[in-house]
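The lines below spell out each chain.
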Amino acid sequence: MASKKKGKAPSRPADGILESKRRRLSFLVRMEPKKMILYPLVVFVIAALLLAVHPPEKGIDLKGGVVVTVYHISATPDELAKYVKDKTGINVRAEKFSDPITGLSGIRLYAPAGTNPDEISNAIQLKYKNADITPRVVDPTFGKIAQKQGIKAVIYAFIGMAIVVFLFFRDPIPSGTIIFSAFSDMVIALAVMGLLGINLTTATIAALLMLIGYTVDSNILLTTRLLRRKEDTAEDAYLSAVSTGFTMSTTTLGALLILWLVSTSDVIDSITIVLIFGLLADFMNTWIFNAGVLRWYVASPFKFTLKLRRGS
């Protein structure tokens, strides 16, 4: 009985797109692992120095202070801040806002802790009779509590992430590289916050926590593809992983960019900016630094590390 020969499967349009993407990213495969490790390390050192010299300023919800929200006012933030300064002698920071839910807009004034909010409110009411003013005081004690809780949340999240990663791979070098990549992403994001004048608040701390989760996802994808690869070579496995990873990161960055463009909320703007720069750093730390370490590690002649791998 004659056997039926299997013909070659017809190529799909998605295969052509994938092949085209891999050709565009093939320059990463041609980079030497030493250079892939060195360049991100230089960026990390620069970011760490910038962070040490110019750290992001703490927001009012972390250090305490007074927030005066003014609705129905016909003045610019600069005009109102200058008027309050001239009238009361209090230095305030003013910014315009628009609430996307209620549709209301106005100006928020931020004053240091210990400021009497009634003094600011009364001064504004003298000139702007129709203004609707809502003062809010954040006690420095509560600010310190929020600050401690935020720092604890980041530390615990980092420790938990490190334990899970190490238990999953049971290999110190890939696990350590993932942990360092996440740490480097956070350092770079914090350095950019300091440079751009973005305050460290409970919202931006939440963004940093989200960044840890995203960083681990992309690094685990890369590490799994290279250490447990089905492809013939580490370079093929890397190219396959980086094609998938770039698609994931690009779509996430696109969504964040649209959110930043349409948002009128300062809180959302701060979160999206931190995530955008953190994900850009993750491009480098995952697909260049971590990939360089793993490519070197897979080809490494050191056998003691191989004994630590699961199943070996």
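What counts, and at which threshold
- Residues numbered from 1 in each chain as written.
- Predicted model: local features only at pLDDT ≥ 70, side-chain atom pairs only at ≥ 80, totals over all residues.
- Heavy atoms only, no water.
- Pairing = 2+ DSSP bridges.
- Helix = DSSP H or I, 4+ residues; strand = E, 2+ residues; numbered from the N terminus.
- Axes fitted to C-alpha atoms, helices over the stretch in contact; angles between N-to-C directions.
- Core = buried A, V, L, I, M, F, W, Y, C linked by side-chain atoms within 4.5 Å.
- Buried < 20%, exposed > 50% of the residue type's maximum accessible area, 1.4 Å probe, protein only.
- Contact = heavy atoms within 4.5 Å.
- Patch = residues over 30% accessible without salt bridge, like charges linked within 9 Å, V, L, I, M, F, W, Y side chains within 5 Å.
- Areas by Shrake-Rupley, 256 points an atom, 1.4 Å probe, with all protein chains shown as cover.
- Salt bridge = Lys/Arg side-chain N within 4 Å of Asp/Glu carboxyl O.
- Lys, Arg positive; Asp, Glu negative; His and termini not counted.
- Charge placed at Lys NZ, Arg CZ, Asp CG, Glu CD.
- Parallel < 35°, antiparallel > 145°, perpendicular 65-115°, else oblique.
- Left-handed = near helix turned anticlockwise from the far one by under 90°.
- Nonpolar A, V, L, I, M, F, W, Y, C, P; charged D, E, K, R; others polar.

In spatial order, the strands read β2-β3-β1-β4; together these four strands make up an open sheet with antiparallel pairing. One side of each edge strand has no neighbouring strand; the edge strands of this open sheet are β2 (93-98) and β4 (132-138). Going across the sheet, the axis of each strand differs from the next one's by a mean of 20°, ignoring polarity. As paired elements, strand β1 (residues 65-71) and β4 share seven bridges and run antiparallel to each other.

Grouped together as the largest cluster of nonpolar side chains are 53 residues, with contacts concentrated most on M161, L200, L208, L222, Y238 and W287. Those elements giving two or more residues to this core turn out to be α1 (13-30), α2 (33-53), α6 (140-169), α7 (172-196), α8 (202-227), α9 (234-262) and α10 (266-298). Those residues in contact with L200, other than ones at most four positions away along the chain, are P56, E57, K58, G59, L62, L190, M193, I205 and L208. Listed in part, the 20 residues of the second largest apolar core include V66, I73, A75 and A94.

On to a positive patch on the surface, then. A grouping of K58, K144, K148 and K152 is seen on the molecular surface, where their side chains present a positively charged patch. Inspection of the secondary structure assignment puts K148 in helix α6.

Let us now look at the packing of α8 against α9. Between α8 and α9, whose axes approach to 8 Å, the crossing angle comes to 160°. Between α8 and α9, the angle falls in the class roughly antiparallel. You can see that α8 and α9 cross each other, and the crossing is right-handed. Counting all contacts with α8, which are made through Y214, L221, L222, R225 and L226, the residues of α9 involved are A234, A237, Y238, S240, A241, T244, G245, M248, S249 and T252. Looking at the contact of α8 with α9, its residues break down into nine nonpolar, five polar and one charged.

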